[in-house]
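As a plain string of letters, each chain reads:
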Amino acid sequence: MKTKTSLLLMLFFSICSFAQQLEINGIVTSESDGMPLPGVNVIVQGTSRGTTTDFDGNYTISVERGVQLEFSYVGFITQTVTIENQTVLNITLEDDVASLSEVVVVGYGTQKKADLTGAITTVKSEDIEKTPNSNVMQSLQGKVAGVQVVSSGSPGGSPTVRIRGVNSQEGGNNPLYVVDGMFYNTIDFLDSSQIETISVLKDASSISIFGQRGVNGVIIIETKNGRQEQKPVFTYNGYSGYQNAQNVVKMANAEQFVTMAYESQSQADIEFVENAIQRFGRSRVNPNIPNVNTDWYKEILRVAPISSHSFGVAGGSEKTTYGVNTSYFSQDGILDMKNEYERFNIQSNIEIELSDRLTVGTNAIFSNSTQYNPENGAWFQAYFAVPILPVFDELNTEAAPIPYSDASLLGYRGAQNPFPVMTYNNNQLKVRKVLASMFVEYDLIPDKLKFKTLYSHDYSTISARNVRFPYFTSGVSQRETSNIKREENKFSNQNWDNTLTYNDTFGDHNLTVLAGTAYRDEQINEFEATGFDIQGIGLESSWYLDFADPTTFSNQVSELGDRQYSFAVFGRLEYSFKNKYLLNATLRHEGDGRFPREIWVTTPAVGLGWVLSEENFMNDSNLFNFLKLRASWGQLANGSLGGSSGTNTISTEVTSIGDIPTNGILATSTFQNIKREILEETNLGISARAFDNKLSLEVDYYVRDTKDLVLPRQVPIISQTVLDNVGEMRNQGLEVAANWNQIINDNWSFSVGGNIATLKNEVTQINTEQGYLDTGSAAFRQRLIVGEPVNAFFGWEVDGVYQNESQVAADPTAQNELSVNQNQLVPGDFIYKDQNNDGVIDADDRVVLGSYLPSFSYGGNINVNYKQFDLSVSFSGQTGNKILNRKRGEVIFTNDTNIDADFAINRWHGEGTTNTYPSSEGRRKAWNQRMSSFFVEDGSYFRVQNIQLAYTIPRNALGGKNMPEVRLYCTAERPITIFNYNGFNPEVNDGVDRETYPVPAVYTFGINIKI
């Protein structure tokens, strides 16, 4: 009886206990932006029992009524909730602004955001993945103040990235990329779906720890990985879409072209038009023009597909975290030829705690890409091709294998048709990269002193195969024999870094001391060979050197190799007192054998911070939740220069002096014994959060000087040029970034952000005889002048167009041109400004016409969330930069070409028609073809950068917590660009537009799945 009673009691209490168990689920989000928070600790208070949120902020936990659940996450205020009868519990965590505990990745470590004294901006994965592009850096366009990203439209092309202007004339201006601790010069191998965060380090104090490789700024990328105690999370990200050219340049049509030909009074051009009428017949609409009206840009352009697919899994146990991802990207070019790019990637991360004090980890990336490069000369030819020429000409019976037309058959000097160079070339590039790293970290003193060693190896091979097929269209456009050029390039970059880090907190003091060494071994081997007359050229299996005529290899084979080493020791001190007085000091001592004049360079840096919001006098402030003043100064050496090189030679010469042969010695020197340029920068900044943390603000002002600037210098007597440290340059600017985040209610939230940046670049010193330096070409001059931007456009300023004969007769400069140069100026010719008022237009009247660097840039974004819908719109733009429209200016080399419709419509063709454009006849005169402000155009633009509309289908809508979460979205990348420049787009890398690949608009539909 007692036994039965006991069993009944046990059953009763079990039932009661079971009845008190509740399964709680919900989502944890951030109050500031409404985004889900992964990895939030959900713990039953007073126990070790709990769980963590997944990547989407979701959690599930079984607890009893009456317990307290504690939600905690780094950088946010811990929240505690008592469980009563809830089954769904959604939590919003507030930012812990007082401490700003969010961790930011810096050089060889991390820092709390509140402790930063330099200029660092972080962009997160959700903003990166919105951009459908082959290169991750394209996603930063307009998002980071002071960072200029110049897009590349070519498939697989890398954009140009400049951080705070240009720092060197000869040494390059590309930033250093650090991916999971590994150093790279480019990140064209990365897939955007693999990236967790991108941190841009802009000032010298922040990047000084990286030394000479980081002189142009450092971009630190953290890839995605699992978290401890996380069940495996499987993800798929994919999109497909198309690209099309925008703002296609309108060229003169057949009627406009013929009209200008007759207006020019050129008998040759009139004859060419008549030849076209005889060959192709007369137009039924206008019998005075040929029956051809070819839009060459329309002919060579196409709509091109783009797609991306990635699949990954991430998770972790108590001691291990892991992440594996594979991705495939494919993009065709908008140039209608064999022009495409595809890439396949595999990436894995794993980190294991072997003991309480020992952690090891590895990171590996394998990237395999194939790229078919475009024949960029096609853009140039399409601009100049006359519209009275068709693509195909059936009367050209000698053309083979395809009867393409040829302008020379009409009398023109060139073939002009771009299709032969597009059709009869196959330019393939295969790039394989194996990128691997391994680290070991050991706590010498637990929670105090740790040692870390990291070895990374970047091994890349580039195989290039450029096949050129034989063809014939005319005597001026033909290739008699086929040829193949093969290149095999191997690159090996090894880095071995060792660091010792000490952390301690005592009283109100926080101290971190880091000391380390960095060793770099970089090797390169390049092999190149060219062969002609390939047997069986019609089969790709014959596109190898073995099938070429072996007698053609002479002087067509070359190989070179190089190996470079560098070694550095460095240290950093981070100190804070009462979390409001901050100090960050760095010292790096680096040696590089390429610079024997000064092998070792020591560069210091220091940063200071004052958190005003922690002061007592700010306690009553109802405006600022956080306010910090920052100041930093630092130096960096530039190691991207080629180093010292050249020769000293002595030769014996015999010459006649007074008819007597005399022996002599001639000494020449082209040895350039340069030292590294030194970049020195001062940065002043403000970091703030206000209005209940809804507003975040970052303001920075900097002055950056490049000392010992390397420039070409003329060597007396021998008239040769060497590089030498003979100049200085300065960049200075103001950067402001602000964001407002607000949750309206449970359904609605939004954020608005924007950034602006100014840039003033100027050459401050040139120690040469001339006092300036000419760059560019003689016909399209650029110049370095003290007080002006680097590589400024330099020429004559157009002051109008002569409207009538009396105006020409009354102008002393026109009469001087007639009397001195026998050049009769007429109405329709340019009036150039006589800068020195001497009545003569000569070289002394040339002035700076502008710079390719923008003086003002900006970007912004708007995000709106409604329930499961989210809409984001971003924009960017710049102003103050100029573009040299060289394709229009190259009429100086040949007159018998087409011209753009803008010129044809607005040309001078009578008094009062225009005061800006010359006449059809004047276009052909050397007076109007000189480098002038007419060819240097405004490069300002405003662009809607990205629009994305998405809908998230939650798990419970698909049948339960074990079902996948699905996000559907459509994206428009660069759908609208507004500008005045007469070109495809206003993004030109160096400001000189001759044959720039257009940057297309991209429209995609995508899906994200998480299980």
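Above this note sits the structure.
To keep things clear, this report deals only with the structure shown in the data block.

Reading the values: the criteria
Residues numbered from 1 in each chain as written. Predicted model: local features only at pLDDT ≥ 70, side-chain atom pairs only at ≥ 80, totals over all residues. Heavy atoms only, no water. Buried < 20%, exposed > 50% of the residue type's maximum accessible area, 1.4 Å probe, protein only. Helix = DSSP H or I, 4+ residues; strand = E, 2+ residues; numbered from the N terminus. Arc of directions from axis to C-beta. Contact = heavy atoms within 4.5 Å. Pairing = 2+ DSSP bridges. Axes fitted to C-alpha atoms, helices over the stretch in contact; angles between N-to-C directions. Phe/Tyr/Trp six-rings, centres within 6.5 Å; stacked < 30°, edge-to-face > 60°. Left-handed = near helix turned anticlockwise from the far one by under 90°. Nonpolar A, V, L, I, M, F, W, Y, C, P; charged D, E, K, R; others polar. Salt bridge = Lys/Arg side-chain N within 4 Å of Asp/Glu carboxyl O.

**Details of helix 10 (residues 812-821)**
Right, so step 1: Within the span of helix 10, buried status applies to Thr 813, Ala 814 and Glu 817. The buried residues of helix 10 occupy one face: seen down the axis, they fall within an arc of 105°.
Right, so step 2: Of the surrounding elements, those touching the buried residues of helix 10 are helix 9 (805-809) and helix 13 (926-929).
Right, so step 3: Positive backbone phi, at 55°, marks Gln 822, one or two positions downstream of helix 10.

**What to know about the sheet that holds strand 10 (residues 120-124)**
Pairing between the strands of a sheet comes from backbone hydrogen bonds, and it takes one of two forms, parallel or antiparallel.
Right, so step 1: Strand order in the open sheet made by the 5 strands is 10-15-16-13-14, with mixed pairing throughout. What marks the edges here is a single partner per strand, and that holds for strand 10 and strand 14 (182-184). Neighbour-to-neighbour, the strand axes of this sheet turn through a mean angle of 20°, independent of strand direction.
Right, so step 2: Where strand 13 (residues 176-179) lies against strand 14, 3 bridges are found, and the strand directions are antiparallel. Across the sheet, the residue bridging to Tyr 177 is Tyr 184, located in strand 14.

**Some details on the packing of aromatic side chains**
Right, so step 1: Considering all chains together, one arrives at 33 aromatic pairs under this definition.
Right, so step 2: Ring geometry for Trp 379 versus Phe 984: centroids 6.0 Å apart, planes at 70°, classification edge-to-face. Taken together, the positions of Trp 379 in helix 7 (residues 377-384) and Phe 984 in the loop between strand 50 (965-979) and strand 51 (1001-1010) put the pair 605 residues apart, joining distant regions of the chain. Assigned by exposure class, Trp 379 and Phe 984 land together as buried.
Right, so step 3: Here Tyr 424 and Tyr 471 contribute two aromatic rings whose centre-to-centre distance is 4.6 Å and whose plane-to-plane angle is 15°, an arrangement assigned as stacked.

**Remarks on the pairing of strand 31 (residues 624-637)**
Right, so step 1: Sheet topology note: the strand 30 (residues 600-611)/strand 31 ladder contains 7 bridges and is antiparallel. Pairing of Val 611 across the sheet is with Lys 628, part of strand 31.
Right, so step 2: Relative to strand 34 (residues 678-690), strand 31 is paired through 13 bridges, and the arrangement is antiparallel. In the strand pairing of strand 34, Ala 631 is matched with Leu 684.

**Examining the packing of helix 4 (residues 254-263) against helix 5 (residues 267-280)**
Right, so step 1: Taken N-terminus to C-terminus, the directions of helix 4 and helix 5 make an angle of 145°; their axes are 8 Å apart at the nearest point. Remark: the crossing between helix 4 and helix 5 carries left-handed chirality. Only Asp 269, Ile 270, Val 273 and Glu 274 of helix 5 make contact with helix 4, whose side of the interface consists of Val 258, Ala 261 and Tyr 262.
Right, so step 2: When the residues that make up the contact of helix 4 with helix 5 are grouped by side-chain class, the tally is 5 nonpolar, no polar and 2 charged.

**Some remarks on the pattern of salt bridges**
Right, so step 1: The final tally for this structure, using the stated rule, is 47 salt bridges.
Right, so step 2: For Glu 263, the salt bridge is made with Arg 907, and the minimal N-O distance between the two is 2.7 Å. Linking Glu 263 in helix 4 with Arg 907 in the loop between helix 12 (901-906) and helix 13, this pair joins segments that are 644 residues apart in sequence.
Right, so step 3: In this structure Glu 263 comes out as partly exposed when scored by relative accessible area, which is 29%.
Right, so step 4: Assessed through its relative accessible area of 11%, Arg 907 is described here as buried.
Right, so step 5: The salt bridge involving Glu 375 is made with Arg 468; its shortest N-O contact spans 3.9 Å. Of the two residues, Glu 375 sits in the loop between strand 21 (358-372) and helix 7 while Arg 468 sits in strand 23 (residues 449-468), which places them 93 residues apart along the sequence.
Right, so step 6: The buried category is assigned to Glu 375, whose relative accessible area is 13%.
Right, so step 7: Connected via shared salt-bridge partners are Arg 164, Lys 202, Glu 681, Arg 704 and Glu 735.

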